[in-house]
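Inside the fold
Chain by chain, the residues run as shown.
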Amino acid sequence: MAIYLPESTQTSTETLTPRQIVAELDKYVVGQKAAKRAVAIALRNRMRRQKLSPELAEDVAPKNILMIGPTGVGKTEIARRLARLAQSPFLKVEASKFTEVGYVGRDVESMVRDLVELGVDLVRDERLTEVRAKAAQNAEERLLDILLPPRPAAPDEDHAAARDQQTQTRERFREQLRAGRLDARVVEIDVREKSFPSFEIVAGSAVEEVDINLKDMLPGLFQGKSKKRKVKVPEALEFLTQEEEQKLIDMDSVARAAVERVEQAGIIFIDEIDKIAGREGGHGPDVSREGVQRDILPIVEGTTVNTKHGMVRTDHILFIAAGAFHVSKPSDLIPELQGRFPIRVELEPLGREEFVRILTEPRSALVKQYTALMDTEGITLTFTDDAVRRIADFAQRVNERTENIGARRLHTVMEKLLDEISFEGPDLEQKVVTIDEAYVTKMLADIVKNEDLSRYIL
């Protein structure tokens with residue numbers, strides 16, 4: 001799963017202390033103090049390393065983290081929010097993707113290539129912000145050239161007077177364009193179509209290498225043809241602005257900056273690492289587990305991966321691994337891989353009190369989400385404190401009786417609770433709805449009481 005960054009924060013990342021990093025994470029994740037402390041120290045150490053001399057900084061390896069805890073307690077969310085806080089390229093992968101390579105799996109180096117692509121997108125977006133004003137200005141000039149093409153001067157005409165008149169007319173058009181009075185006009189512009197060759201490539205080499213080779217061999221194949229299109233002025237201005245933005249951005253410079261950022265600040269979150277824990281000796285899919293660990297090992301240890309944007313060193317990428325470890329133990333990982341995750345943190349299972357806080361405290365708490373969703377239909381939805389506690393109580397009971405899926409159970413319970421209101425919402429005459437303890441009990445009690453039914457519905 002790719003997650004696009006950055007997200008703006010209140011404080012400059014460079015000045016964030018570990019305590020402030022934990023405070024920022026507290027806005028989104030409830031509890032798990034030990035895990036938050038560990039990732040805050042890891043992020044701060046990365047900032048400290050940047051202030052060292054180049055010789056010493058080269059030898060300071062990132063302290064990779066192994067999070068141990070049941071599903072739905074916040075492992076992924078902590079890593080994701082940390083990356084947004086640091087404005088770093090961040091990638092989440094499942095370790096189980098790398099089993100059965102050649103059948104349904106993937107090459108382990110693909111995680112680094114995917115991270116570089118995200119880094120390129122991140123740097124390109126930053127550069128776009130820098131050149132947006134200049135691009136808009138250039139696009140405006142191009143559109144004025146289309147709206148008011150220069151007319152050839154007559155032989156006996158005063159060139160200076162003609163130029164002044166042309167300039168005055170152009171400025172009048174510029175004012176009308178900015179005021180929106182030309183929005184209804186239709187103009188003809190050249191649009192470059194994206195063309196893709198209609199053939200497939202089956203090769204043993206990586207996709208990136210095939211892409212590089214094709215572009216080298218057939219440079220004109222992927223360019224696309226220009227064709228004229230008639231569009232209204234606002235659409236033409238938007239298209240010309242995008243074209244100017246691409247002209248002003250040097251993609252070679254973007255690629256270099258992205259590779260450097262990935263090498264120095266990239267974060268890879270390897271989920272479900274417990275699924276590949278285990279030694280050789282089994283039959284069937286188990287046999288590939290140690291092989292996957294040995295494939296992942298050089299990436300975590302530090303190696304050089306070939307990508308289409310250049311060679312990328314993984315020595316200083318921060319790796320955060322996570323797993324429930326219900327069946328296996330961290331000690332079931334091969335010793336070399338264990339040694340590359342020196343920081344171990346155990347996340348606590350969530351109970352009724354944590355569920356109450358998850359429903360109400362975080363910035364994107366579930367109660368706030370559903371209230372905002374219903375508000376779009378003109379419905380004022382309110383939850384009483386007793387109702388929130390009752391929802392948390394039901395979620396905890398279902399987790400105890402069936403599979404414990406942590407806070408994810410709250411999503412299921414809330415959807416079932418508000419099913420009727422969500423469906424009837426647009427047609428409701430009563431636009432003020434209060435969810436109290438009695439309503440929660442009415443909607444959920446029978447399902448929770450019937451264990452067979454709750455196993456399928458909740």
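Residues numbered from 1 in each chain as written. Predicted model: local features only at pLDDT ≥ 70, side-chain atom pairs only at ≥ 80, totals over all residues. Heavy atoms only, no water.

Among the residues making up helix α13 (residues 366–375), those that are buried are Leu-366, Val-367, Tyr-370 and Met-374. Around the axis of α13, the buried residues are gathered within 100 degrees of arc, so they sit on the same side. Next to the buried residues of α13 lie α12 (352–360), β10 (380–383), α14 (385–401), α15 (408–417) and α16 (419–424). (Buried < 20%, exposed > 50% of the residue type's maximum accessible area, 1.4 Å probe, protein only. Helix = DSSP H or I, 4+ residues; strand = E, 2+ residues; numbered from the N terminus. Arc of directions from axis to C-beta. Contact = heavy atoms within 4.5 Å.)

A few words on the sheet that holds strand β8 (residues 318–323). Read across the sheet, 5 strands follow the order β2-β5-β8-β1-β9 without closing on themselves; strand pairing throughout is parallel. The open sheet terminates on both sides in strands that have one partner only, identified here as β2 (90–94) and β9 (343–346). Strand after strand, the sheet turns through a mean of 20 degrees between neighbouring axes, direction not considered. Two elements, strand β1 (residues 65–68) and β9, share 4 bridges in a ladder whose sense is parallel. Bridge pairing in β9 links Met-67 to Val-345. Contacting β1, β2, β5 (267–271) and β8, helix α4 (residues 75–86) crosses the sheet at an angle of about 170 degrees to β5. (Pairing = 2+ DSSP bridges. Axes fitted to C-alpha atoms, helices over the stretch in contact; angles between N-to-C directions.)

At their nearest, the axes of α14 and helix α17 (residues 437–449) sit 9 Å apart, and the two run at 10 degrees to each other. Judged on the interaxial angle alone, α17 and α14 are roughly parallel. Counted together, Asp-386, Ala-387, Arg-390, Ile-391, Phe-394, Arg-397, Val-398 and Arg-401 of α14 and Glu-437, Val-440, Thr-441, Leu-444, Ala-445, Val-448 and Lys-449 of α17 form the full contact between these two elements. The residue inventory of the contact of α14 with α17, partitioned by class, reads 8 nonpolar, 1 polar and 6 charged. (Parallel < 35°, antiparallel > 145°, perpendicular 65-115°, else oblique. Nonpolar A, V, L, I, M, F, W, Y, C, P; charged D, E, K, R; others polar.)

Time to look at the side chain of Arg-46. Mapped onto the elements, Arg-46 comes out in helix α2 (residues 33–50). On the basis of relative accessible area, Arg-46 is assigned to the buried category, the value being 10%. Discounting chain neighbours no more than four positions away, the residues touching Arg-46 are Ser-88, Gln-264, Ala-265, Gly-266, Ile-267, His-316, Ile-317 and Leu-318.

Now for the pairing of β2. Burial runs high along β2: 5 of the 5 residues are buried. Residues Phe-90, Lys-92 and Glu-94 point to one face of β2 and Leu-91 and Val-93 to the other, with burial holding for every one of them. Here β2 pairs with β5 via 5 bridges, running parallel. By the bridge assignment, Phe-90 is partnered in β5 with Ile-267.

Before going further, it helps to examine unusual backbone geometry. One can expect most non-glycine residues to show negative phi and most peptide bonds to be in trans. With phi around 55 degrees, Glu-272 is a residue other than glycine that occupies positive phi space. Relative to the assigned elements, Glu-272 resides in the loop between β5 and α10 (289–301). Taking relative accessible area as the criterion, Glu-272 reaches 27% and is therefore assigned partly exposed. Positive phi is not limited to glycine here, since Phe-325 has a value of about 50 degrees. Tracing the sequence through the fold places Phe-325 in the loop between β8 and α11 (335–339). Given a relative accessible area of 9%, Phe-325 falls into the buried group.

We now examine the confidence of the model for the protein chain. Regions with low pLDDT carry predicted coordinates that are not meant to be interpreted in detail. With 82% of its residues at a pLDDT of 70 or more, the protein chain has an overall mean of 80. Predicted confidence is poor over residues 195–205, with pLDDT under 50, and the contacts of this stretch with residues over four places away or in other chains come to 11 contacts. This stretch, residues 281–287, has a pLDDT under 50; its non-local contacts, to residues over four places away or in other chains, come to 3 contacts. (pLDDT = per-residue confidence, 0-100.)

A cluster of acidic side chains, namely Glu-377, Glu-415, Asp-419, Glu-420, Glu-424 and Asp-427, defines a negative patch on the protein surface. Sort the elements by how many residues they give to the negative patch and α16 lands first, with 3 residues. Judged by its relative accessible area of 44%, Glu-420 is partly exposed. (Patch = residues over 30% accessible without salt bridge, like charges linked within 9 Å, V, L, I, M, F, W, Y side chains within 5 Å. Areas by Shrake-Rupley, 256 points an atom, 1.4 Å probe, with all protein chains shown as cover. Salt bridge = Lys/Arg side-chain N within 4 Å of Asp/Glu carboxyl O. Lys, Arg positive; Asp, Glu negative; His and termini not counted. Charge placed at Lys NZ, Arg CZ, Asp CG, Glu CD.)

A separate point is the pattern of salt bridges. Scanning all chains against the criterion turns up 33 salt bridges. Between Glu-58 and Arg-313 there is a salt bridge, with the nearest N and O atoms lying 2.6 Å from each other. A residue pair is termed long-range when its members are at least 10 positions apart, and Glu-58 in helix α3 (residues 54–59) and Arg-313 in strand β7 (residues 310–313) qualify at 255 residues. Overall, Glu-58 belongs to the partly exposed group, its relative accessible area being 38%. Lys-329 is the partner of Asp-332 in a salt bridge, and the nearest nitrogen-oxygen pair spans 3.8 Å. A residue is classified by how much of its surface remains accessible, and Lys-329, at 46% relative accessible area, is partly exposed. Among the charged side chains, a network of salt bridges with common partners joins Glu-140, Glu-141, Asp-145, Arg-170, Glu-171, Arg-174 and Arg-178.

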